[in-house]
Amino acid sequence: MVIKENMVRELYTIAGEDAVRTEEPMKNHTTFRVGGSADYFVSPHTEEEIRKIVALCEEKEIPWFVTGNGSNLVVSDKGYRGVILSVYKNFQGIEVEGNRIRAKAGSMLASISQAAREAGLSGMEFASGIPGTLGGGVRMNAGAYGGEMKDIVQNVTVLTGEGEILNLKKEELGFGYRASVIKEKGYLVLGAELELVPGDKEEILARMQELKNRRVEKQPLEYPSAGSAFKRPEGYFAGKLVMDAGLSGYAVGGAKVSEKHCGFLINAGGATASDVMELIRQIQAKVKEQFGVQLEPEIQFLGEF
């Protein structure tokens, strides 16, 4: 797609010139540090700006995609022919009221966990080290160390592709393992309300520190990655299957299976999005061949591969 000046002008009108970039390298906006350029990259400030941008894309039949911190995303080396709506930079905000926290979609889970601790609220410690935003966390029902977003989410405000803003109650969200109605229907998360329980600030901090130590010890945090590469197959652990298949340290180009934790793929240096995709395909084939288990990626791939 050729960058269209009239599209750029319309995006400027909606979000302001500072919020709009063209031909923006997506490796700068994903934790794996790979990927080509997006035609348009917009960082909206308000719900209304988001609604107008989506409406503009729908009207002009231009593809659009929402990103947060890009912690679970690999964009094609060929880039993305459309509009990336990044909520991470300008669409943040956290409010605590009683035992409830309301936050905008671009707020980092770690920041919300910190706000919960400072308010003496427990139940979000599990998310204190997840490197993603609330929007992404709710969409995929993110979880760690025995906790999941479905345990604390009470309601979520979403925007539909038709431009309608809905408030979905917990029972309407269809949460499953790394799944939700939001993901299934392609809704855009605008914000959510979480319900926590009163707790002791020192105990909450101690639990968060304990989980942090476990992550540092077991996960390759010193390398760019996209977190756990595969969903947990029923009855198995993905990382153990990869290790038992003899793939610890296995690499395709700059993409490599971490020796520290075989459930993580890392950018060991100079990786491309194609390297990551090919490494996943080879791992899937070897694990399937040896153990009869089909590994499903937890990483989301965007663009043409």
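Residues numbered from 1 in each chain as written. Predicted model: local features only at pLDDT ≥ 70, side-chain atom pairs only at ≥ 80, totals over all residues. Heavy atoms only, no water.

Helices and strands together make up the secondary structure of the chain, namely eight helices and 19 strands. A compact globule built from 305 residues should have a C-alpha radius of gyration of about 19 Å, and the chain, at 20 Å, falls within 12% of that. Counting only C-alpha atoms and orienting by the principal axes, one finds that the chain spans roughly 55 × 50 × 30 Å. With 305 residues in all, the chain has 50% of them scored as buried. Look at the contacts in the chain between residues 6 or more apart in sequence, and 63% of them connect residues 24 or more apart. As displayed, the chain offers around 14000 Å² of accessible surface, 46% of which is attributable to carbon and sulfur atoms. Across the chain, the 36 positively charged side chains and the 42 negatively charged ones have centroids separated by 3 Å. (Helix = DSSP H or I, 4+ residues; strand = E, 2+ residues; numbered from the N terminus. Rg over C-alpha atoms; globule rule 2.2 N^0.38 Å. Buried < 20%, exposed > 50% of the residue type's maximum accessible area, 1.4 Å probe, protein only. Contact = heavy atoms within 4.5 Å. Areas by Shrake-Rupley, 256 points an atom, 1.4 Å probe, with all protein chains shown as cover. Lys, Arg positive; Asp, Glu negative; His and termini not counted. Charge placed at Lys NZ, Arg CZ, Asp CG, Glu CD.)

What follows covers the sheet that holds strand β5 (residues 80–86). Read across the open sheet, the four strands follow the order β1-β2-β5-β3; overall the sheet is mixed. The open sheet has two free edges, formed respectively by β1 (20–25) and β3 (64–67), since each of these has just one partner strand. For this sheet, the mean inter-axis angle between neighbouring strands, taken without regard to orientation, is 35°. By the bridge criterion, four bridges tie β3 to β5 in an arrangement that is parallel. What sits directly across from Trp64, in β5, is Val83. (Pairing = 2+ DSSP bridges. Axes fitted to C-alpha atoms, helices over the stretch in contact; angles between N-to-C directions.)

This part takes up the nonpolar core. Within the largest apolar cluster, 53 residues are counted, with the highest numbers of intra-cluster contacts made by Ile53, Val83, Leu134, Val138, Met149 and Val156. Excluding residues that lie within four positions of it along the chain, Met149 makes contacts with Leu109, Phe126, Leu134, Gly137, Val138, Asn141, Ala142 and Leu194. Core analysis: the second largest hydrophobic core is formed by 26 residues, Ala226, Ala271, Ile280 and Ile283 among them. (Core = buried A, V, L, I, M, F, W, Y, C linked by side-chain atoms within 4.5 Å.)

Moving on, we come to the sheet that holds strand β15 (residues 225–228). Two strands in a sheet stick together by hydrogen bonds in their backbones, pointing the same way (parallel) or opposite ways (antiparallel). Pairing is antiparallel in the open sheet, where four strands are placed in the order β15-β18-β17-β16. Lying at the two open borders of the sheet, with one neighbouring strand each, are β15 and β16 (251–252). Inspection of the sheet shows β15 paired to strand β18 (residues 264–267) by two bridges, in the antiparallel sense. Each residue of the ladder has a partner; that of Ser225, found in β18, is Ile266.

With that out of the way, let us pick up the packing of aromatic side chains. Taken as a whole and judged by the stated rule, the model has one aromatic pair. Relative to Phe305, the ring of Phe301 lies with its centre 5.3 Å away and its plane at 90°, an arrangement referred to as edge-to-face. Directly above the ring of Tyr177 sits Arg232, whose terminal nitrogen or CZ lies 4.9 Å from the centroid. (Phe/Tyr/Trp six-rings, centres within 6.5 Å; stacked < 30°, edge-to-face > 60°. Lys NZ or Arg CZ within 6 Å of the ring centre and 35° of its normal.)

A pair of packed helices is characterised by two quantities: the angle between their axes and the separation of those axes. With their axes 9 Å apart at the nearest point, helix α1 (residues 5–15) and helix α2 (residues 47–60) run at an angle of 160° to one another. What the angle tells us is that α1 and α2 run roughly antiparallel. The element α1 and its partner α2 pack so that their crossing is right-handed. Contacts between α1 and α2 involve Asn6, Met7, Glu10, Leu11, Ile14 and Ala15 on the former and, on the latter, Glu49, Lys52, Ile53, Leu56, Cys57 and Lys60. Classifying every residue of the contact of α1 with α2 by side-chain character gives seven nonpolar, one polar and four charged. (Parallel < 35°, antiparallel > 145°, perpendicular 65-115°, else oblique. Left-handed = near helix turned anticlockwise from the far one by under 90°. Nonpolar A, V, L, I, M, F, W, Y, C, P; charged D, E, K, R; others polar.)

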